[in-house]
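What the coordinates show
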Amino acid sequence: MTDFIELFSYGFFQKALLATIFASISCGIIGTYIVTRRIVFVSGGITHASFGGIGLAFLIGVEPLIGATVFALLSALGIQFFTEKGGVREDSSIAIWWSLGMALGVMFVFLTPGYTPNLMSYLFGSILTVSRYELWAMIVLIAILLSVFRVWYREILYIAFDEEFARASGLRVSVFNYLLMMLIALTVVLNIRVVGIILILSLLTIPQATANLFTRDFRKIIILAILFGFIGSISGLMISYFLNIPSGATIIFTLIIMFGLLRLIKLLK
Amino acid sequence: MNEMNFVKPLIHLNQVTFAYSESTVLEKVDLKIHEKDFIGVIGPNGGGKTTLLKLILGLIQPSSGKIYFREDLPRHKRPIGYLPQVKHLDRKFPITVLDVVRSGSMMRPYPFLNKSEEKEAAMQLLNNTGIGHIYNKAIGELSGGQMQRAFLCRALISDPKVLILDEPDTFVDTHFEGELYERLKTLNEQMAIVLVSHDVGTISMYVKTIACVNKTLHYHPSNQITMDDLSVYNCPLQIITHGEIPHTVLKKHHSHD
């Protein structure tokens, strides 16, 4: 028990704790949009494309998250552009961005002289090394998300539900689509450190699936997803610390186990 | 001459052509939608029915030709209520019936003063349509008929001058179908209606005029349509029979008087 209390006095653990709270909030909001709009694959494309930016940042010696942000934003805009213009099948277009980003990343990392020690932490997450400025960036992101969803909640909901009807109503659907795509890109990038590129999709989908067991109301799914996301990631973080196993993967396990248990309870009831 | 001809149409499609890069979907279509019109739009699949609706709704722009709206109508919003084909919608989407109906108010030229006025209007429509008691259910929990009712309410909350329905008779029980058409008859006293259907038999009992769309548009100023007409207009339709209806459909009529 003393171990447990002592843990919270460590600076690195406090930061990790804040990171899980912030990640649960931003992923809870954006993930609900992604899941209900059925654009999980799109988000996967943006996430993996950002790896190209991380590789380039290693090569030219700048902060990896800046490279990731640039690549994620560009791929988000690119995917939305090709989706609206047509011509290329949407899922094929996403796969192209997805693999191009990864391939560029691999090539840039290969070209980077010497050893790239942090590479694994971007691929699989490293929540215990989250920095102070990364936490601030997460706070800013949450502030943006909350304001956008507060001001345009109904527009976002209606467009997600029936884009054609919203367009016929004279809503600026395209503007909202681009805006939301960019918010997805930022959310993905700023949460990469928590669970990593490979695993970030889980934070955007599993809490929502769990929330969806209990409600079919968009707003309530957001709130419950934040809650489940937080419970899952904080318990995953603790377990990983005490068992000395990778935190990102452990968080995924706890999220899935929670989903499975609640689903089972719901079935048996 | 019918005195209607002196009244300006609410919507006027003038020589409207729509083409994708290679293929022409609609060619030089002329259509006038007047007040109190009830136009049944029929035609084969892929004949351009949905494209015609999308043009009227402003979802796509004509490649050539123009669509005019009567001068007194609000310019910033088209005064149209729209009931799309529900099969394209995601039934698992987490949205309540009330919110679906409220979403239709985006289409209003003059928005509601506040949220409670909007909610009240939505509830009143739901009650009038007989689904007021399930306003808080998720849209996916509804039966086909209830869902169509909800979407009809969404189309009506904007107080439209023209109501457009795209195959509202699919996925609906026959009970609601009859009810829907009776409801449309009443609504037609306040607004023009454009109804797309593949079921010529049923709609010919309710509509006043028929537009046959198969790349070109042939306007038939009566609700009686004969087999000869269909072949003349190059409208290879499937006539769905409903008991006695075929006699009505096939009743000989004396050409354009």
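Residues numbered from 1 in each chain as written. Chains lettered and ligands numbered in written order. Predicted model: local features only at pLDDT ≥ 70, side-chain atom pairs only at ≥ 80, totals over all residues. Heavy atoms only, no water.

**As for the overall build of chain A**
Looking only at helices and strands, chain A features 14 helices and zero strands. What you see in chain A, going N to C, is helices and strands ordered as α-α-α-α-α-α-α-α-α-α-α-α-α-α. For 269 residues, the compact-globule estimate of 2.2 N^0.38 gives 18 Å, and chain A sits close to it at 19 Å. A principal-axis box enclosing the C-alpha atoms of chain A has dimensions of 60 × 55 × 30 Å. Counting over 269 residues, chain A shows a buried share of 51%. Excluding contacts between residues fewer than 6 apart, the proportion of contacts in chain A whose partners are at least 24 apart in sequence is 76%. By element, 72% of the accessible surface of chain A is carried by carbon and sulfur atoms, the whole surface being about 12300 Å². (Helix = DSSP H or I, 4+ residues; strand = E, 2+ residues; numbered from the N terminus. Rg over C-alpha atoms; globule rule 2.2 N^0.38 Å. Buried < 20%, exposed > 50% of the residue type's maximum accessible area, 1.4 Å probe, protein only. Contact = heavy atoms within 4.5 Å. Areas by Shrake-Rupley, 256 points an atom, 1.4 Å probe, with all protein chains shown as cover.)

**Points about a nonpolar patch on the surface**
Residue and element names in this part refer to chain A. Together, Leu59, Ile60, Val62, Met107, Phe110 and Leu111 give the surface a local cluster of nonpolar side chains, amounting to about 610 Å² of exposed area. Those elements that provide at least two residues to the nonpolar patch are helix H3 (40-60) and helix H5 (90-111). Here the nonpolar patch gets three residues from one element, more than from any other, and that element is H5. Within the secondary structure layout, Met107 lies in helix H5. (Patch = residues over 30% accessible without salt bridge, like charges linked within 9 Å, V, L, I, M, F, W, Y side chains within 5 Å. Salt bridge = Lys/Arg side-chain N within 4 Å of Asp/Glu carboxyl O.)

**Brief notes about the interface of chain B and chain A**
Where interface size is quoted, it is often the accessible area lost as the parts come together. On the side of chain A, 20 residues touch chain B, which itself brings 28 residues to the contact. Summed over both sides, the interface of chain B with chain A buries roughly 2300 Å², with 66% coming from carbon and sulfur. Summed over the three residues of chain B that lose the most area to chain A, namely Phe93(B), Pro94(B) and Met106(B), the buried surface amounts to 30% of that side. The tally of links between chain B and chain A comes to four salt bridges. Between Asp162(A) and Arg154(B) there is a salt bridge; the shortest N-O distance is 3.0 Å. Linking chain B with chain A are six residue pairs in polar contact (both at pLDDT 80 or more). Looking at the side of chain B that touches chain A element by element, the count peaks at four residues for helix H2 (residues 97-103) of chain B. For the side of chain B that touches chain A, a count of residues per class yields 14 nonpolar, four polar and 10 charged. (Buried area = accessible area lost by both parts, 1.4 Å probe. Polar contact = N/O pair within 3.5 Å; in protein donor to acceptor, adjacent residues only side chain to side chain. Nonpolar A, V, L, I, M, F, W, Y, C, P; charged D, E, K, R; others polar.)

**Description of helix H13 (residues 218-243) of chain A**
Since one α-helical turn is 3.6 residues long, residues separated by three or four positions face the same way. Residue and element names in this part refer to chain A. Compared with an ideal rise of 1.5 Å per residue, which puts 26 residues at 38 Å, H13 spans 37 Å between its outermost C-alpha atoms and is within 8% of the ideal. Looking at where H13 begins, the residue whose side-chain oxygen comes 3.0 Å from the main-chain nitrogen of Arg219 is Asp217. Among the residues trailing H13, Asn244 stands out with phi positive, at a value near 55 degrees. (Expected span 1.5 Å × (residues − 1).)

**Structural notes on the sheet that holds strand E2 (residues 24-33) of chain B**
All names here are of chain B. Strand order in the open sheet formed by three strands is E2-E1-E4, with antiparallel pairing between adjacent strands. Looking at strand neighbours, the two that pair on one side only are E2 and strand E4 (64-69), the edges of this open sheet. Each neighbouring strand pair of the sheet contributes to a mean axis angle of 15 degrees, computed without reference to strand direction. Sheet topology note: the strand E1 (residues 11-19)/E2 ladder contains six bridges and is antiparallel. Its bridge partner being in E2, Phe18 is matched across the sheet by Leu26. Contacts from helix H1 (residues 49-57) reach E1, E2 and E4 within the one sheet, and its direction differs from that of E2 by about 60 degrees. (Pairing = 2+ DSSP bridges. Axes fitted to C-alpha atoms, helices over the stretch in contact; angles between N-to-C directions.)

**Let's talk about helix H2 (residues 11-36) of chain A**
Given a rise of 1.5 Å per residue, 26 residues ought to cover 38 Å, and the 37 Å separating the end C-alpha atoms of H2(A) matches this to within 8%. Downstream of H2(A) by one or two residues, Arg38(A) has phi in the positive range, about 60 degrees.

**Regarding the sheet that holds strand E8 (residues 209-214) of chain B**
All names here are of chain B. Read across the open sheet, the six strands follow the order E5-E6-E7-E3-E8-E9; overall the sheet is mixed. Single-partner strands in this sheet number two, and they are strand E5 (80-83) and strand E9 (216-220). Mean inter-strand twist for the sheet, computed between neighbouring axes without regard to direction, equals 15 degrees. Note that strand E3 (residues 38-42) and strand E7 (residues 192-196) share four bridges and pair parallel.

**Here we look at the environment of Lys92(B)**
Among the structural elements, Lys92(B) can be located in the loop between E5 and H2. Along the sequence, Lys92(B) and Asp30(B) sit 62 residues apart, while their C-alpha atoms lie 39 Å from each other. Among residues more than four places away in sequence, those in contact with Lys92(B) are Arg38(A) and Arg216(A).

**Description of the pairing of E7(B)**
All names here are of chain B. The buried fraction of E7 is high, at five of five residues. Neither face of E7 is open: one carries Ala192, Val194 and Val196, the other Ile193 and Leu195, and all of them are buried. With five bridges joining them, strand E6 (residues 162-166) and E7 adopt parallel strand pairing. Note on E7: the bridge partner recorded for Leu163 is Ile193.

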